[in-house]
Amino acid sequence: MKHEERLKIMAGVLLGVATWGGAHAGTEAAAAPTLRWNADQLGNHRYLVQVTQPADAVHVVIPWRRRDAHPEQVNVIVTGPDGQTVANVRRGTIDRASGELVFQASKAGTYAVYYQPYVSAGRPNYPTVTYAEVRDTADPAWAHKLGTDASAWRRLPSAKLLNYEAVDDFDAYTPMERTATPAELQALLKAHAGQRLWIFPETRANPIRMFDALPETWAKRGPGGSLRDSALPGEYLSFQFGAWAPVGDVEHLQVTFSDLRDPQGDILPASAFTCFNLGGIDYAGKPFTTRVNVAAGRVQPLWMGLDVPATAKPGVYRGEVTMTAAGVAGQRLPVEITVGNGQAVAHGDDDPFKLTRLRWLNSTLAQNDELVKPFTAITVRGDTLGILGRDIALAANGLPEQISSRFDQRMTGFADHATAVLAAPIAFTVEDAAGTHPLSATGHPAVQQDGPARVHWQVAGNAGPLQAEVKASLEADGTLTYAIALTATQTTALKDVRLTMPLARDVARYQLGLGREGDAAPADFQWKWNVENNQDGAWLGTINAGLEFHLRDEHYLRPLNTNFYHQQPLRMPISWDNRGQGGVRLHREDKDYRVEAYGGPRQMEAGETLHYDIVLRVTPFKTIEPAKHFANRYFHGYRDVDAVKADGASVVNIHHATPINPWINYPFLEVDAMRAYVDAAHQRGMRVKIYDTVRELSDRAPELPMLESLGHEVISSGKGGGFPWLQEHLDGDYIAAWHVPQNRDAAVINAGQSRWHNYYIEGLDWLARNVGIDGLYLDDVAYDRTTMKRVRKVLQAHRPNPLIDLHSANQYNERDGHISSTLLYMELFPYLDRLWFGEYFDYEKTSPAYWLTEMSGIPYGLMGEMLQSDGNPWRGMLFGMTRRAREGGAKDNDLHALWKLWDSFGIEQSDMVGWWVHDTPVQTGRDDVLVTSYVRKGDATLIALASWAPQPTRVKLTIDWKALGLRQAKATLVAPALEGFQPAATFKPDEAIPVEPGKGWLIMVK
């Protein structure tokens, strides 16, 4: 969700106030009485100094040991014992080590020196924060009298340094953020002259936070030494070694571990150690290694972990870690781990600050080819592959020869006869001077079963002068992936490489993607690659049969989305793009609808290989379930569960920035309160879902310093900035994301695909087991279907029917790369239960085709809800869509009235027959006034009627009384009074019904 809308739906008492009490974090002297201050005026950091008697000028040197690069450019504010700003202040030598000040002290007492005041501008949720420039506020006469002689200043009365304070504990600089002075560094360099690589052991209690400076503690103790820590049996113990290259780059850092042994000969094996920075298991379950270099003058933390066996006996275990690098002598550092009595509960994961959860980064939980509901095992019958409601017949070259769908038009079941998606086989051809050459192979694809939810096949062949290899797979949800490699055996001039998909004319009714929003498929359309747009494919189809496609190569990386597309845009595929010569043509032919992707002319050198990757998804993915949709009534916000239940909702979505889920995408710090809320809801027969995605991460996550150490594996590269905490505690290379001013929650953007997805999956598993959440509210997520499948599997393992809904703000804008939200997230749709599309969607000026394809979710097997300006309730009911009850939104009386009508009618027992069904039992005979019927055959029917006509109109209903199981002679058409929807009215079956533009009726037929 974007911008101010997030705040509108926040509920509960948000944490934090405008003014905070100071938190002591220094050790220079005994603490003086804590003053209070407004951080937005004075900044987050100060030193307290004591003036014993009034003086026209007092001198003080503040040993702040700052990590910001240019403290001489930042203003300093001094306040007196009464809290008033002291105007007469002069600055002496200001550098990272210390700051020299002279100020007028008109009375004795405690003075405060605020040394990082900031100025905040921009929107509250995306603040632009700069640090206040130096201002000379001193009276000229006072300044002249004081003079500029530094030696004379030092003879002035001295203010006594008391201590450092931060506005709160979270903002306080840790000892690892107090920089060494130049003198300390010089002494250290002299003592260790010639040593190219310095290693500093640190426990998890002191996360390394500075990468461009050494902390004071390291300068004083020097490099080397041993790592000493303690753990319980079964605990995962994380720790760090900081590597520093003082004079030149050090490359290819490596780490090896020895066994740890106690005096009795018991062992903590070397195999139980991990170094996260040197590699691991990626988000797709594949092992990888990382080359770690240390640039001159930079600190590189190496985070490691020891999985202490649950069978480990108490004792002191000793061994060593060896660090090596290219051209650098290896260093052996002693390691001493004391294993205590007792047993760690769940590896110690119940306390996030222990950082035991770092092992989650390499998790393979739910990384398998097992099924999730409602999908069925893939069947292989010769060259035909069967999945839920669909069949794919393969040609000899491994491409689809035919695709068929057995979903019916109602989308609630399956038809007796399948709908053919293709008018002819999909073709892949190469054209050169000698002609056009189809991708060909002999024999039949040998389909291999990987599990009930996945099969794969491989085909070797040729395409004219080029050798071809096809690697492909099909998954149970309908996703086909192709990696087609073309290799030249000699220098070859090509005129074109084309993929042709001839769709059946009746199937290619609607289209979205390639820069077009959902509407009728165009008769003719041309599209070219452009990095400014997040576009690499499209969807074409009708309500019960369709095909999504994407064109990629081996370098594909999921772009960032939701405001940040241009900071990590789509990588142009070398094969398909061909330096701007490639594109896509759509054209309606006499017998089919032709989709043609082309690469244009190029020359391939001998031995050169081009990769033409294709992703196809066959829609619909599953049937819709109107009964479940209408039964699960959502309240979006944090409110007392009894009040929610009294209002008629059965599912609560807990957003972030609420008391039980305060920090964005880090729902682990208020778990007791969250568990109590979930338990209370369950006792009342209600379900609770929480906001949790991985697009951005709260600064409150204890793992954040460790994630910084991984470079940009997890945290996206950017220009920094944003809320002061990010600027003061991160290394500057990040993208500042959402900020909640009410509780000072600031976030950074995560990379689109990383090991943080593994952590996320383990976190969901932990929440399902330990808190009892019933599902997720997803908000413009950044992950792909690989992670989405795992999400579904993990939740389904603990909840028989978990609920996952996806919200998106409309992504069709320049900032987001003009991509349809539906196309952006279609790969996730098989594993969702509901859509909520969303802010900036237009419910008034868009067509029924747009509603159907872009917002309703119905052609893909989903149903949805409305958000922007509460949607259009009349049109929404044609698709089973309403707005959502939510905290901070409009009054919900109208929605509650609608829910009561559903209950009195029995909508959950009805058959939903949409206006798109060819034999829908109630029709208007018009394309701009449409009807969806909710039929309880033989009992009653609820008619939802809505208009797209530009003027007031009157329509007569054509009713198939037999299909309704009713007799016209005894039927009545009654529109009950509904607040905010319609007045009460009664109509005769043959009476013309008046309809206002953009409005409609709900009419009960009995």
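Thresholds, definitions, all that
Within each chain, residues carry numbers counting from 1 in the order of the written sequence. The predicted origin of the model limits local features to residues at a pLDDT of at least 70 and limits the giving and counting of side-chain atom pairs to 80 or more, whereas totals for whole chains, interfaces and linings rest on all residues. Side-chain metrics rest on all non-hydrogen atoms present in the structure, leaving aside hydrogens and water. Using only the protein atoms, space was sampled on a 1 Å grid; points where a 1.4 Å probe fits but cannot get out form cavities, open sets with protein on both sides within 12 Å along at least five of seven lines form pockets, and lining residues are those with an atom within 4 Å of a point. Grid points are joined across faces, edges and corners, and a volume is the space filled by probe spheres set on the points. The way it works is that DSSP assigns letters per residue, a run of H or I at least four long becomes a helix, a run of E at least two long becomes a strand, and they are numbered from the N terminus. Only Asp, Glu, Lys and Arg are considered charged in this grouping, and only Ala, Val, Leu, Ile, Met, Phe, Trp, Tyr, Cys and Pro are considered nonpolar; every other residue, Gly among them, is considered polar. When the centres of two rings from Phe, Tyr and Trp lie within 6.5 Å, Trp using its six-membered ring, the rings pair. Their planes under 30 degrees apart give stacked, over 60 give edge-to-face, and anything left gives tilted. Three exposure classes are used, based on accessible area relative to the maximum for each residue type with a 1.4 Å probe and protein chains only: buried under 20%, partly exposed in between, and exposed over 50%. For this analysis, a nonpolar core means a set of buried residues of the types Ala, Val, Leu, Ile, Met, Phe, Trp, Tyr and Cys, connected via side-chain atoms within 4.5 Å. It only takes one pair of heavy atoms within 4.5 Å for two residues to be counted as in contact. Expected span, for any helix, means 1.5 Å times one less than how many residues it has. At least two DSSP bridges between two strands are needed for those strands to be called paired. A 3.5 Å cut-off defines polar contacts: any pair of N or O atoms within that distance qualifies, except that in protein one atom must be a possible hydrogen donor and the other a possible acceptor, and neighbouring residues in sequence count only when both atoms are side-chain atoms. Every axis corresponds to a line fitted to the C-alpha atoms, with the helix fit spanning only the stretch in contact, and the corresponding angles, defined between N-to-C directions, vary from 0 to 180 degrees. Per-residue confidence from the predictor is reported as pLDDT, a score between 0 and 100. By definition, a salt bridge exists where a carboxyl oxygen of Asp or Glu is found within 4 Å of a side-chain nitrogen of Lys or Arg.

**Notes on the layout of surface pockets**
Here the largest pocket is characterised by a volume of approximately 1300 Å³. As for the largest pocket, its lining consists of 41 residues, of which Y283, K286, R454, T481 and T786 are closest to the centre. Every element with two or more residues in the lining of the largest pocket is listed here: β33 (454-463), β34 (466-475), β35 (479-488), β46 (609-619) and α14 (785-798). Grouping the amino acids of the lining of the largest pocket by side-chain chemistry returns 12 nonpolar, 10 polar and 19 charged. For the second largest pocket, the calculated volume is near 680 Å³. Lining of the second largest pocket is provided by 35 residues; of these, S709, L710, G711, H712 and E713 occupy positions nearest its centre.

**Quick word on the packing of aromatic side chains**
All told, the structure shown has 47 aromatic pairs when counted by the stated rule. When the centroid spacing of 5.6 Å and the interplanar angle of 55° are considered together, the rings of Y47 and Y164 count as tilted. One end of the pair, Y47, is in strand β4 (residues 45-51); the other, Y164, is in strand β12 (residues 160-166), with 117 residues separating them in the sequence. Given the relative accessible area of 0%, Y47 is considered buried. Seen in terms of ring centroids, F630 and Y934 are 5.7 Å apart; in terms of plane orientation they differ by 70°. Their pairing is edge-to-face.

**Description of the environment of G305**
Position of G305 among the secondary structure elements: in strand β22 (residues 299-307). Residues G305 and D590 lie 285 residues apart in sequence; the distance between their C-alpha atoms is 65 Å.

**Overview of the nonpolar core**
In this structure, W457, Y482 and F829 are the most contacted members of the largest nonpolar core, which totals 230 residues. The biggest single contributor to this core is helix α13 (residues 756-770), with 8 residues. In this view, F829 contacts F621, K622, L806, T822, L835, F837, Y860 and L862; residues no more than four positions away in its chain are not counted. Grouped together as the second largest cluster of nonpolar side chains are 34 residues, L197, L253, L302 and L333 included.

**Some details on helix α18 (residues 893-905)**
With 13 residues, α18 should cover 18 Å at 1.5 Å per step; its first-to-last C-alpha distance of 18 Å lies within 8% of that length. Taken together, the buried positions of α18 are L895, H896, A897, L898, W899, L901, W902 and F905. Contacts from the buried residues of α18 go to α8 (626-631), β47 (634-636), β57 (885-886), β60 (929-936), β61 (940-947) and β67 (1000-1005). Just past α18, the residue G906 takes up positive phi, approximately 85°.

**Remarks on the pairing of β46**
Among the 11 residues that make up β46, 9 are buried, leaving the element largely enclosed by the rest of the structure. By the bridge criterion, 9 bridges tie β35 to β46 in an arrangement that is antiparallel. For L486, the partnering residue across the bridge sits in β46 and is L610.

**Examining the environment of D259**
Turning to its location among the elements, D259 is positioned in the loop between β16 (254-257) and β17 (260-261). Once the C-alpha coordinates of D259 and F273 are considered, the two residues, 14 residues apart in sequence, prove to be 9.2 Å apart. Not counting residues within four places of it along the chain, the set of residues in contact with D259 comprises I267, L268, P269, A270, R318 and G319. Among the polar contacts listed, one links the side chain of D259 to the backbone nitrogen of A270, at a separation of 2.7 Å.

**Looking at the sheet that holds β46**
What the 9 strands build is an open sheet, ordered β32-β33-β34-β35-β46-β42-β41-β38-β39; its pairing is antiparallel. Taken across any chain shown, the strands that pair with only one partner, and hence form the sheet edges, are β32 (448-451) and β39 (516-520). When the angles between neighbouring strand axes are averaged without regard to direction, this sheet yields 15°. Bridge count for strand β38 (residues 510-513) against β39 is 3 bridges, and the pairing is antiparallel.

**A word on unusual backbone geometry**
Here the amide bond leading from T619 into P620 is cis, since omega sits at 0°, within 30 degrees of zero. Relative to the helices and strands, P620 is located in the loop between β46 and α8. A cis geometry characterises the amide bond from F837 onward to G838, with omega recorded as -20°. The residue G838 is located in the loop between β55 (834-837) and α16 (848-856) in this model.

**Overview of the confidence of the model for the chain**
Taken over all residues, the pLDDT of the chain has a mean of 94, while the share at 70 or more is 96%. Scored below 50 in pLDDT, residues 1-34 shows 127 contacts in the model against residues more than four places distant or in partner chains.

**Looking at the pattern of salt bridges**
Tallied over the entire structure, the rule returns 53 salt bridges. Of the charged contacts in the structure, one is a salt bridge between D939 and R936, with a shortest N-O distance of 3.5 Å. Overall, the relative accessible area of 41% leaves D939 in the partly exposed class. Ionic contacts of the salt-bridge type, sharing partners, join the residues R65, R178, E184, E216 and K220 into one network.

**Considering α16**
Of all 9 residues in α16, 9 are buried; the element is thus mostly enclosed. The set of residues buried in α16 consists of P848, A849, Y850, W851, L852, T853, E854, M855 and S856. Immediately downstream of α16, the backbone of G857 shows phi near 80°, a positive value.

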